[in-house]
Number of protein chains: 2
Amino acid sequence: MIGIGFINAARYYVVSETNKSQPMSQQTEQAYLASYNIKDYDTCLTTVDSVLFTVLNGELYTLLVRRANHPYLAYWGLPGGFIDVQRDVDLTACANRHLAEKTGIIPPYLEQVCSTGSKTRDPRGWSTTVTYYALMAHIQCTTDIDSVDDVQWLPVTQALQMELAFDHKQMIEQALERLKQKALYSLVPVYALPETFTLSELQQLHEVILGKSIQSKSFRRRIELANVLEETGELSTQKGKGKRPALYRVKASAADYRFMRNLEY
Amino acid sequence: MIGIGFINAARYYVVSETNKSQPMSQQTEQAYLASYNIKDYDTCLTTVDSVLFTVLNGELYTLLVRRANHPYLAYWGLPGGFIDVQRDVDLTACANRHLAEKTGIIPPYLEQVCSTGSKTRDPRGWSTTVTYYALMAHIQCTTDIDSVDDVQWLPVTQALQMELAFDHKQMIEQALERLKQKALYSLVPVYALPETFTLSELQQLHEVILGKSIQSKSFRRRIELANVLEETGELSTQKGKGKRPALYRVKASAADYRFMRNLEY
DNA sequence: CTATTTTGAGTCTTTAAGACTCTATTTTGT
DNA sequence: ACAAAATAGAGTCTTAAAGACTCAAAATAG
């Protein structure tokens, strides 16, 4: 990222009055577009892959898909694939389509992580993938489309110890890193919980993501300040030892709320 | 982003012992790769574009390039373009190559912002672009490669009022938004300054990016805490009214340093 | 030589997180 | 029925770091 160079002199150019006058080429745009064919050029493969997280029994899970095609045939990898230039209107739609194909639903939270592209990451040639991560409640997750053996939830720790297709392991690591950052200054992880949840469940989820415990007083103070959750008025019906906790649901503004200060790390 | 659905039952699948046993297809991987030709498929255009920022006279500038080809012939747009599948080893190299072609140097800071892809953003067809933003000292910026009229530094505010090629205006806005966030919790903007600089210059830069003034006591306290700048031992030679300010240079660790707490906004 | 400007340090206040305490509520064991 | 244990959730003191304001030192302009 660092690499400093110097040049001798600095010049400063003034913008011309208009940016549309006098086309610099003889060919008209219409003629150019009519004769343009993407297959005349060496292009790169472009795919969209998603890291779908959820939480179950206090553990973070991710969805893996067994590949039915070369390369990496029969390896486990991320849900995703090529852009369907007919059906996908944009990248987000492409990510959601692949996720819906595997889970049956469109997850309530989807965020772009980064793009990774290189000459060597795919044996078929220069390849770029746009990585998203998504969150959804575990109860919402299964599929009646793919056969049982093709799709599975796996604890993230376990997934990261497997040999996955392509560079999907690094992509999971990057998505997890992003989710960790979000857990430090937002309540985004809430989208991995079901419709209604308790504050303790939410705190436990943050703790699992961060890999460390949080002061519950701090956590609850922040939630009150953020004002992005609302009480349902009900208490949890799950039988447990202590006092019955209140149930909350998330307001629409939760996805964008950002605390000014991170939790300690 | 919100859209919740439900399914009746949740199932949980256990991972199989190995992920490589018994290929599911008759064709070998070698045969598949030998017969694979990207041009047999409908692919999408993929480009890499960068928003290059610098600071001059207390104003934020960005580098624009005049397009020599259709579409958007003669419009101003971002430096960037197609991936050269022969020469570019990865996305970062591609971004740096296009920037070096226009400026003569590889900028000292480069960071990926996001990717934008849709059916409609390019009249030639489904197109995806990976947006980076880069920072460099203004004095380092000019070109001996492009003719004078092809490349120019322009105040960002002015660039955002122009009609630019493709969706490059939104890309500049996104890059600027990212830079603003960085200015709130890091010292990344320092890479828009020359090799040595004063703390006041750095503070003024942050103020320009944020569009508001900063308490200089807070700013200096943070810099001391971060420990990512070092005094050169010299004082600024620029003649000015008051006390001569100390010169600083950036340590290598500056790009990754992150404050726990944002400046107020 | 004095007024003015800028750098840069000193210090009080404010905000929000960490750490710890305490109480109410619920289940479990006897 | 009652004691013990566990959990939810509020109260409060401490601590860290930013905001706000003050002030001294160093430089220039007149």
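Residues numbered from 1 in each chain as written. Chains lettered and ligands numbered in written order. Predicted model: local features only at pLDDT ≥ 70, side-chain atom pairs only at ≥ 80, totals over all residues. Heavy atoms only, no water.

Enquirer: Explain the protein's contact with DNA strand C to me, using residue names and the numbers behind them.
Expert: Around DNA strand C, 23 residues are found, and the nearest of them are S218, R221, G240 and K241 of chain A together with S200 of chain B. Within 4 Å of the protein, the contacting atoms of DNA strand C are drawn from sugar and phosphate to the extent of 68%. Contact between DNA strand C and R220 of chain B: a phosphate oxygen at 3.1 Å from a side-chain N or O atom of the residue. Here a base oxygen of DNA strand C and a backbone polar atom of K243 of chain B are 3.3 Å apart. Every element with two or more residues in the surface near DNA strand C is listed here: α6 (216-226) of chain A together with α6 (216-226) of chain B. At four residues, α6 of chain A tops the list of elements feeding residues into the surface near DNA strand C. A breakdown of the residues in the surface near DNA strand C according to their chemical character gives three nonpolar, six polar and 14 charged. (Near = heavy atom within 4 Å. Polar contact = N/O pair within 3.5 Å; in protein donor to acceptor, adjacent residues only side chain to side chain. Helix = DSSP H or I, 4+ residues; strand = E, 2+ residues; numbered from the N terminus. Nonpolar A, V, L, I, M, F, W, Y, C, P; charged D, E, K, R; others polar.)

Enquirer: Explain the protein's contact with DNA strand D residue by residue, including any values.
Expert: Taken together, 22 residues surround DNA strand D, and among them S200 of chain A together with S218, R221, G240 and K241 of chain B come closest. What you see for DNA strand D is that sugar and phosphate hold 67% of its atoms within 4 Å of the protein. Take R222 of chain B: an N or O atom from its side chain is 3.0 Å from a phosphate oxygen of DNA strand D. In this structure, a phosphate oxygen belonging to DNA strand D sits 3.2 Å away from a main-chain N or O atom of E264 of chain B. At the level of secondary structure, the elements contributing two or more residues to the surface near DNA strand D comprise α6 of chain A together with α6 of chain B. The biggest single contributor to the surface near DNA strand D is α6 of chain B, with four residues.

Enquirer: Could you give an account of the sheet that holds strand β9 (residues 229-235) of chain B, naming the residues involved and the relevant values?
Expert: Residues and elements named next belong to chain B. Spatial strand order, β8-β10-β9: three strands in an open sheet with antiparallel pairing. On the outer flanks of this sheet lie β8 (197-198) and β9, each paired with one strand and no other. In this structure, β9 lies alongside strand β10 (residues 246-250), joined through four bridges in antiparallel fashion. Among the inter-strand pairings, E231 is bridged to a residue of β10, identified as Y248. (Pairing = 2+ DSSP bridges.)

Enquirer: Go over the pairing of strand β7 (residues 151-155) of chain B, please, and point to the residues and values.
Expert: Residue and element names in this part refer to chain B. With five of five residues buried, β7 is to be regarded as a mostly interior element. By the alternation rule, side chains of β7 split into V151, W153 and P155 and Q152 and L154, which are all buried. Pairing of strand β2 (residues 59-66) with β7, which is carried by five bridges, proceeds in the antiparallel orientation. In the strand pairing of β7, T62 is matched with L154. (Buried < 20%, exposed > 50% of the residue type's maximum accessible area, 1.4 Å probe, protein only.)

Enquirer: So what about the pattern of salt bridges? Which residues, and what values?
Expert: Tallying each qualifying case throughout the model produces 16 salt bridges over all chains. For D122 of chain B, the salt bridge identified is with R124 of chain B, shortest N-O distance 2.7 Å. With respect to class, D122 of chain B is no different from R124 of chain B; both count as buried. For the salt bridge of E230 of chain B with R249 of chain B, the shortest nitrogen-to-oxygen distance reads 3.3 Å. Taken as a pair, E230 of chain B in strand β9 and R249 of chain B in strand β10 lie far apart in primary sequence, 19 residues in all. We classify E230 of chain B as partly exposed; its relative accessible area is 32%. Residues joined in a network through salt bridges with shared partners are D88, R97 and E101 of chain A. (Salt bridge = Lys/Arg side-chain N within 4 Å of Asp/Glu carboxyl O.)

Enquirer: Account for helix α5 (residues 199-210) of chain B, with residues named and values stated.
Expert: Residues spaced three or four apart along an α-helix point in a common direction, a consequence of the helix completing one turn every 3.6 residues. Residues and elements named next belong to chain B. Compared with an ideal rise of 1.5 Å per residue, which puts 12 residues at 16 Å, α5 spans 16 Å between its outermost C-alpha atoms and is within 8% of the ideal. Within the span of α5, buried status applies to L199, L202, Q203, L205, H206, I209 and L210. Taken down its axis, α5 places every buried residue within 155° of arc, on the same side. Note on α5: the residue one or two positions beyond its end, G211, has a positive phi of about 70°. (Expected span 1.5 Å × (residues − 1). Arc of directions from axis to C-beta.)

Enquirer: Any details on unusual backbone geometry? Residues and values, ideally.
Expert: Here H70 of chain A and P71 of chain A are connected by a cis peptide whose omega angle stands at -15°. If you trace the backbone, P71 of chain A turns up in the loop between β2 (59-66) and β3 (76-77). Despite not being glycine, Y72 of chain B shows a phi value in the positive range, around 60°. In this structure, F166 of chain B is a non-glycine residue whose phi angle is positive, near 45°.

Enquirer: Tell me about the pairing of β2 of chain A, and please be specific about residues and values.
Expert: Residues and elements named next belong to chain A. Within β2, seven of the eight residues are buried, which leaves the element mostly enclosed by the surrounding structure. In this structure, strand β1 (residues 45-56) lies alongside β2, joined through four bridges in antiparallel fashion. Within β2, the residue paired with T54 across the bridge is Y61. Hairpin connection between β1 and β2: a loop of two residues separates the two successive antiparallel strands, and N57 in this loop has a positive phi of roughly 50°.

These values are about where atoms sit, not about what they do.
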